[in-house]
Amino acid sequence: MNNLEFKNTLEKIDNKSSKIGIIGLGYVGLPLSILLVKNNFHIFGFDTDKKKISKIKKNKSYIDRISNSDVALINKRGKFYSNFSKIRECEIIIICVPTPLKNNTVPDLSFIRNTIKSIKRFLKEGQVLILESTSYPGTTNEEIYKKLKSKFNIGKNFFLGFSSERIDPGVNENSIQKIPKVVSGFSENCLKVISRFYKKSFNQVVESKSLEIAEFSKLLENIYRSINIGFINEMKILADRMNLDIFEIIEVANTKPYGFRRFFPGPGIGGHCIPVDPNYLYWKSVKLGLPAKFIKLSAQTNFLVLNFLIKKILSNLKKIKISNKKAKILILGLSYKKNLDDIRESASIKLIDKLHKKNIKNICFYDPYIKEEMLDKTIKKINYLNSNVLINFDIVILMTDHDIFDYDLIKKKSKLIIDCRGRFEVKGNVQRG
Ligand SMILES: NC(=O)c1ccc[n+]([C@@H]2O[C@H](COP(=O)([O-])OP(=O)(O)OC[C@H]3O[C@@H](n4cnc5c(N)ncnc54)[C@H](O)[C@@H]3O)[C@@H](O)[C@H]2O)c1
């Protein structure tokens, strides 16, 4: 590819005639597809999950906060496939496949590897390939560059980069253009092309000096959260031992105008990012012979914080002289985060499991965001919350503080509330959990 062709690639981006292939149409890929289409790009969407492809083709959204009308829009202006031959027609290809863990600790890059394996034969000169999946520093180089370098002269006739995804589920999947977009490239040309492309749809693009800096920055952001949550969870337990409420302490500390950023404790971390991503860097740190102690400690603290809640529940049952077998527990909120339908790594589900093991089997939950079919049959759902329901339970545990809950009713009618979210003042029938 000569300089003229490099200019062509840029020109196609400038006049938005580049066709964009999005591989993986989940929580990251679907909102990105919508944004690109709204910015007048044509897209090809690829997903190995045929059900997702079929839903898009029927204009049906499979993510709660994404509207059917937005799915109809991408359906009108895009094409969707569960095989990869159309990759050859794309100018820009973005990989948004999962990066989970094996055995809860080891990075599982099989989705990225399978993607490269499936698309390699359809790749051609002049294309741009971008990884958006989260992984440890070195992934784009090791898993993509090394596998494509025999086919292309990367940076000259093929362009490669990494761009992190910073969606905050339930908050901004419909306005991702407002989140500054970190971009990086294998070479200067790669960075130039990739940066030019994202600038067409995002309000602010942040250029990173290398792939590895961009990859590390994504993990740094999530580990920063994990560590601060771990720290405040530990402070919660300590404060409780001193009969102090951590939420009141945070409120006072937060009046400092600099040097303090507020994080809230909870019953345990959930979702796809915070419980998973730090392990990617920890794994890498161990490989380098420098195990990152803060990462490990915060993960352990955030995992063990559920035991604090379990101890509270058991000691309360003892106090009110109700056996575990007879105890009736109501859990408010099953999703890992408020105002969301997402139960991935949900602390509520872990709590139910642990209570079952303590022979507390009479547990129900109330969460209007969660449909029954999302759960196995051992978890009982309550469809309406009213006085009669609340009075019926020995302990009501506020796990996820959805805004739609009637907090006055909960406060008035519950016998005992264990509040893990700081919604209620610790007083009368309320304890901190
Ligand atoms: N969800 C978030 O809030 C979030 C935020 C920032 C970054 N990320 C990162 O983005 C990546 C994607 O996360 P997600 O939440 O969108 O995952 P997801 O599970 O919601 O979506 C991934 C999609 O990829 C599809 N897929 C799997 N293998 C495939 C293959 N070989 N070819 C084509 N499609 C394939 C799956 O069927 C699924 O639809 C992960 O690396 C994640 O860590 C996620």
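Just above, that's the structure.
Residue numbers restart at each chain and count upward from 1, following the sequence in its written direction. Thresholds applied to this predicted model are a pLDDT of at least 70 for local features of residues and 80 or more for the giving and counting of side-chain atom pairs; totals over whole chains, interfaces and linings are not thresholded and use all residues. Remark: hydrogens and water are excluded; side-chain values derive from all non-hydrogen atoms of the structure.

S.K.: Before we move on, could you go through the site of the ligand and cite the residues and values that matter?
M.R.: Think of it this way: one heavy atom of a residue within 4 Å of a molecule or strand is enough to make that residue near it. Surveying the vicinity of the ligand reveals 25 residues, the closest of which are Val28, Asp47, Lys52, Thr99 and Thr134. What qualifies as a polar contact is a pair of N or O atoms within 3.5 Å, subject to a donor-acceptor requirement within protein and to the restriction that residues adjacent in sequence count only when both atoms come from side chains. Within the backbone of tyrosine 27, a nitrogen or oxygen atom sits 3.0 Å from an oxygen atom of the ligand. A distance of 3.5 Å is found between an oxygen atom of the ligand and a backbone nitrogen or oxygen belonging to valine 97. Here the shell around the ligand gathers at least three residues from each of two domains, domain 1 (3-209) and domain 2 (225-432). Boundaries of every domain are those given by an automatic assignment or by a domain database.

S.K.: I'd love a proper account of the sheet that holds strand 9 (residues 181-185), names of residues and values included.
M.R.: Strand pairing follows a simple DSSP-based rule, namely that at least 2 bridges must link the two strands. For helices the rule is a DSSP run of H or I covering at least 4 residues; for strands it is a run of E covering at least 2, with both sets numbered from the N terminus onward. Taken together, the eight strands give an open sheet; going across it, the order is 3-2-1-4-7-8-9-10, and neighbouring strands pair in mixed fashion. Taken across any chain shown, the strands that pair with only one partner, and hence form the sheet edges, are strand 3 (78-81) and strand 10 (205-207). Across the sheet, the mean angle from the axis of one strand to that of its neighbour is 25°, orientation sign disregarded. Note that strand 9 and strand 10 share three bridges and pair parallel. Opposite valine 183, over in strand 10, you have glutamate 207 as the bridge partner. It only takes one pair of heavy atoms within 4.5 Å for two residues to be counted as in contact. Note on geometry: axes are lines fitted to C-alpha atoms, helical ones only across the stretch in contact, with angles between N-to-C directions running from 0 to 180 degrees. In the packing of helix 8 (residues 211-241) onto the sheet, contacts are made with strand 8 (159-163) and strand 9, and the angle to strand 9 comes to roughly 150°.

S.K.: Requested: an account of the pattern of salt bridges, with residues and values cited.
M.R.: Charged atoms that come close allow side chains of opposite charge to pair. Salt bridges are identified by distance alone: a Lys or Arg side-chain nitrogen within 4 Å of an Asp or Glu carboxyl oxygen. Summed over the entire model, instances satisfying the criterion amount to 27 salt bridges. Among the ionic pairs, lysine 52 bridges to aspartate 49, the shortest N-O distance being 3.7 Å. In this structure lysine 52 comes out as partly exposed when scored by relative accessible area, which is 24%. The buried label goes to any residue with under 20% of its type's maximum accessible area, the exposed label to any with over 50%, and the partly exposed label to all in between, with areas taken from a 1.4 Å probe on protein chains only. Judged by relative accessible area, which is 30%, aspartate 49 ranks as partly exposed. Its salt-bridge partner being glutamate 132, residue lysine 181 comes within 3.2 Å of it at the nearest N-O pair. One end of the pair, lysine 181, is in strand 9; the other, glutamate 132, is in the loop between strand 7 (128-131) and helix 6 (139-148), and 49 residues separate them in sequence.

S.K.: So what's going on with the pairing of strand 2 (residues 42-46)? Residues and values would help.
M.R.: Of all five residues in strand 2, four are buried; the element is thus mostly enclosed. Two elements, strand 1 (residues 19-23) and strand 2, share five bridges in a ladder whose sense is parallel. Bridge pairing in strand 2 places isoleucine 22 opposite glycine 45. In this fold, strand 1 hands off to helix 2 (residues 29-38), which returns the chain to strand 2; that crossover is right-handed. Seen with the strands pointing away from the viewer, any crossover whose path from the first strand over the helix to the second strand runs clockwise is right-handed.

S.K.: If you had to explain the side chain of glutamate 143 to someone new, which residues and values would you point to?
M.R.: Structurally, glutamate 143 is set in helix 6. Taking the relative accessible area as the measure of exposure, glutamate 143 reaches 6% and is therefore buried. A polar side-chain atom of glutamate 143 sits 2.9 Å from a polar atom in the side chain of arginine 113. In this structure glutamate 143 touches Leu109, Ile112, Arg113, Ile116 and Tyr136, once residues within four positions along its chain are discounted.

S.K.: Residues and numbers for helix 9 (residues 246-253), please.
M.R.: When helix 9 is considered as a whole, its buried residues turn out to be Ile246, Phe247 and Ile250. Down the axis, helix 9 shows its buried residues gathered within 100° of arc, on one side only. Opposite the buried face of helix 9, at more than 90 degrees from it, the exposed residues are Glu251 and Val252. Contacts from the buried residues of helix 9 go to helix 8 and strand 16 (430-432). By construction, the arc corresponds to the directions joining the helix axis to the C-beta atoms.

S.K.: Quick rundown of the packing of helix 8 against helix 11 (residues 293-319)? Include the residues and the values.
M.R.: It is at 8 Å that the axes of helix 8 and helix 11 come closest, and there the two elements cross at 40°. One way to sum up the angle between helix 8 and helix 11 is to call them oblique. Relative to helix 11, helix 8 is oriented so that their crossing is left-handed. Along its contact with helix 8, which presents Ile223, Ser226, Ile227, Ile229, Gly230, Asn233, Glu234, Lys236, Ile237 and Asp240, the element helix 11 presents Phe294, Ile295, Ser298, Thr301, Asn302, Val305, Phe308 and Lys312. Classifying every residue of the contact of helix 8 with helix 11 gives eight nonpolar, six polar and four charged. When an angle is under 35 degrees it counts as roughly parallel; over 145 it counts as roughly antiparallel; between 65 and 115 it counts as roughly perpendicular; any other value is oblique. In a left-handed crossing the near helix is turned counterclockwise from the far helix by less than a right angle, and in a right-handed crossing that turn is clockwise. Under the grouping applied here, Gly and all other residues not named as nonpolar or charged are polar, the nonpolar ones being Ala, Val, Leu, Ile, Met, Phe, Trp, Tyr, Cys and Pro and the charged ones Asp, Glu, Lys and Arg.

S.K.: Run through the sheet that holds strand 12 (residues 363-366), naming residues and quoting values.
M.R.: Ordered in space as 13-12-11-14-15-16, the six strands form an open sheet in which the pairing is parallel. Each edge of the open sheet carries a strand with a single partner, namely strand 13 (380-381) and strand 16. In this sheet, strand 14 (residues 395-398) lies alongside strand 11 (residues 329-332) in parallel orientation, the contact comprising four bridges. The partner of leucine 332 across the bridge, within strand 14, is leucine 398.

S.K.: Could you give me a rundown of helix 4 (residues 68-77), with the residues and numbers involved?
M.R.: In an α-helix, one turn spans 3.6 residues, which is why side chains three or four residues apart end up on the same side. Asp70, Val71 and Ile74 are the residues of helix 4 that are buried. Taken down its axis, helix 4 places every buried residue within 100° of arc, on the same side. Pointing more than 90 degrees away from the buried face of helix 4 are the exposed residues Ser69 and Lys76.

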